[in-house]
Amino acid sequence: MARRPGQAGSYDVDRVVSLRDGTPVRLRPIRPDDAPRLIALSHRLSPRTLYQRFFTVRTLRPEEAAALARVDGRDGMAIVADHGPGQPDDLIAVARYGVAGNDPVPDVALVVDDAWQGQGLGSILLDEILEAGEARGFVTFHADVLTENRRMLRLLARHASIVERSAESGVVTLRFRRRADSRVASSPADAVSGRRSA
């Protein structure tokens, strides 16, 4: 079961969290005007990070960025991390889920700017996007991960209960649920108020 019957809860995020080194980062829902910032983020990513996220080293095209910046909040959602109000408006990370085609199980994907990796932001965003999906009634999620992307596979193993796993042609396909005990200890600094679709 991908979605609990009758569930269409609400999940809003707009808050500041502290990373492992104490740096504050704001989490907020993506907006259509983030498309140029998504393109800028893709240009800052290393070829390795681009490949691990998009399965290609090509940066985003404007029409792709525009599509990724538009979500309906029900069958798809994206949470971005930026520097916060009054700071440069660069996006430093994005997590998203989205239903694709006839499969009712949403895909989950995330990417963190290389300069911000290793500070716990991926863990925070994964927990946030899974919690957002659960608030909208989704129980099970899906991800396609390159077998070489050990960091993402470890992240999912720590924060999700894997219910199905298969591998083919260098890609691990996972179906999973959020673990109830996976909430990352991201201290709020301040209260501010696989591949198919994600």
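Each chain has its residues counted from 1, following the order in which its sequence is written. The model is predicted, so local features are restricted to residues of pLDDT at least 70 and side-chain atom pairs to those at 80 or more, both for listing and for counting; the totals for chains, interfaces and linings are taken over all residues. Hydrogen atoms and water are omitted, and side-chain values are computed over all heavy atoms in the structure.

Student: Help me get a handle on the packing of aromatic side chains, residues and values and all.
Tutor: Here a pair means two rings of Phe, Tyr or Trp (six-membered ring of Trp) with centres within 6.5 Å. Their orientation is stacked below 30 degrees between planes, edge-to-face above 60, and tilted elsewhere. Here the structure, examined in full by the defined rule, presents 2 aromatic pairs. On the basis of an interplanar angle of 65° and a centroid distance of 5.5 Å, the ring pair of Tyr97 and Phe138 is categorised as edge-to-face. With a gap of 41 residues between them, Tyr97 in strand β4 (residues 91-100) and Phe138 in the loop between α4 (121-135) and β6 (141-146) connect regions that are remote in the sequence. Put simply, DSSP marks the helices as runs of H or I at least four residues long and the strands as runs of E at least two long, and each gets a number from the N terminus on.

Student: Any chance you could break down α4 for me, citing the residues and the numbers?
Tutor: Every helix has an expected span of 1.5 Å times one less than the residues it contains. With 15 residues, α4 ought to run about 21 Å at 1.5 Å a step, and its terminal C-alpha atoms sit 21 Å apart, in line with that. Of all 15 residues in α4, 14 are buried, a share of seventy percent or more. Looking one or two residues past α4, Gly137 carries a phi angle of roughly 95°, positive in sign. Burial here depends on accessible area, computed with a 1.4 Å probe over protein chains only, as a share of the maximum for the residue type. Under 20% is buried, over 50% is exposed, and the range in between is partly exposed.

Student: Tell me about a positive patch on the surface, and please be specific about residues and values.
Tutor: A grouping of Arg20, Arg150, Arg151, Arg154, Arg158 and Arg165 is seen on the molecular surface, where their side chains present a positively charged patch. The biggest single contributor to the positive patch is helix α5 (residues 150-159), with 4 residues. Within the element layout of this structure, Arg154 appears in helix α5. Exposure above 30% relative accessible area and no salt bridge define the residues that can form patches, which grow by joining like charges within 9 Å and nonpolar side chains of Val, Leu, Ile, Met, Phe, Trp and Tyr within 5 Å. Only the protein chains shown count as cover for residues, and the accessible areas themselves come from Shrake-Rupley with a 1.4 Å probe. Take a side-chain nitrogen of Lys or Arg and a carboxyl oxygen of Asp or Glu: if they are within 4 Å of each other, that pair is a salt bridge. Positive: Lys, Arg. Negative: Asp, Glu. His and the chain ends are not part of the count. Lysine's charge is taken at NZ, arginine's at CZ, aspartate's at CG and glutamate's at CD.

Student: Tell me what's going on with the pairing of strand β3 (residues 76-82), and back it up with residues and numbers.
Tutor: A large share of β3 lies buried, amounting to 7 of its 7 residues. The side-chain alternation of β3 yields two buried faces, one formed by Gly76, Ala78, Val80 and Asp82 and the other by Met77, Ile79 and Ala81. In this scheme, strands are said to pair when DSSP sees at least two bridges between them. As paired strands, strand β2 (residues 24-29) and β3 are joined by 4 bridges and run antiparallel to one another. The partner of Pro29 across the bridge, within β3, is Ile79. The sheet contact formed by β3 and β4 spans 7 bridges and is antiparallel. Residue Gly76 lies in a different strand from β4, and its bridge partner there is Gly98.

Student: So what about the packing of helix α1 (residues 35-44) against helix α3 (residues 62-69)? Which residues, and what values?
Tutor: A packed helix pair is summarised by two numbers, namely the angle formed by the two axes and the spacing between the axes. Fitting a line to C-alpha atoms yields each axis, with helices limited to the stretch in contact; the angle taken between N-to-C directions then spans 0 to 180 degrees. The geometry of α1 relative to α3 is characterised by a closest axis approach of 8 Å and an angle of 120° between their N-to-C directions. Put simply, α1 runs oblique to α3. Between α1 and α3 lies a crossing whose hand is right-handed. Contact with α1, carried on its side by Ala35, Leu38 and Ile39, involves Pro62, Ala65, Ala66, Leu68 and Ala69 of α3 and no other residues of that element. Throughout this entry, Asp, Glu, Lys and Arg are counted as charged residues, while Ala, Val, Leu, Ile, Met, Phe, Trp, Tyr, Cys and Pro are counted as nonpolar. The remaining residues, Gly among them, count as polar. Grouping the amino acids of the contact of α1 with α3 by side-chain chemistry returns 8 nonpolar, no polar and no charged. Each angle is binned into one of four classes, with values under 35 degrees roughly parallel, values over 145 roughly antiparallel, values of 65 to 115 roughly perpendicular, and all other values oblique. Here a crossing is taken to be left-handed if its near helix is turned anticlockwise relative to the far helix by less than a right angle, and right-handed if that turn runs clockwise. Contact definition: two residues touch when any of their heavy atoms are within 4.5 Å.

Student: Could you give me a rundown of unusual backbone geometry, with the residues and numbers involved?
Tutor: A positive phi angle, near 65°, is found at Phe55, a position not held by glycine. Relative to the helices and strands, Phe55 resides in the loop between α2 (47-54) and α3. Notably, Ser169 is not glycine yet its phi reads approximately 55°, a positive angle.

Student: Pulling in residues and values, what's your account of the pattern of salt bridges?
Tutor: Oppositely charged side chains can pair when the atoms bearing their charge come close. Evaluation of the coordinates by the stated rule reveals 13 salt bridges. For Asp89, the salt bridge goes to Arg37, with nearest N and O atoms at 3.2 Å. Of this pair, Asp89 sits in the loop between β3 and β4 while Arg37 sits in helix α1; the two residues are 52 residues apart in sequence, bridging distant segments of the chain. Look at Asp89 and you get partly exposed, because its relative accessible area is 45%.

Student: Account for the nonpolar core, naming residues and giving values.
Tutor: Side chains of a nonpolar character, in soluble globular proteins, are inclined to be buried together. Leu27, Val108, Leu121, Leu126, Ile129, Leu156 and Phe176 are the most contacted members of the largest nonpolar core, which totals 35 residues. Among the secondary structure elements, those contributing two or more residues to this core are β2, β3, β4, β5 (103-112), α4, β6, α5 and β8 (171-178). Broken down by element, the residue count for this core peaks at 7 residues, all from α4. Ignoring anything within four residues of it in the chain, the contact list for Leu126 reads Val108, Leu110, Leu155, Leu156 and His159. In these notes, a set of buried Ala, Val, Leu, Ile, Met, Phe, Trp, Tyr and Cys residues joined through side-chain atoms within 4.5 Å is what counts as a nonpolar core. Counting 16 residues, the second-largest nonpolar core is a separate cluster that includes Ala35, Leu68, Ala78 and Leu91.

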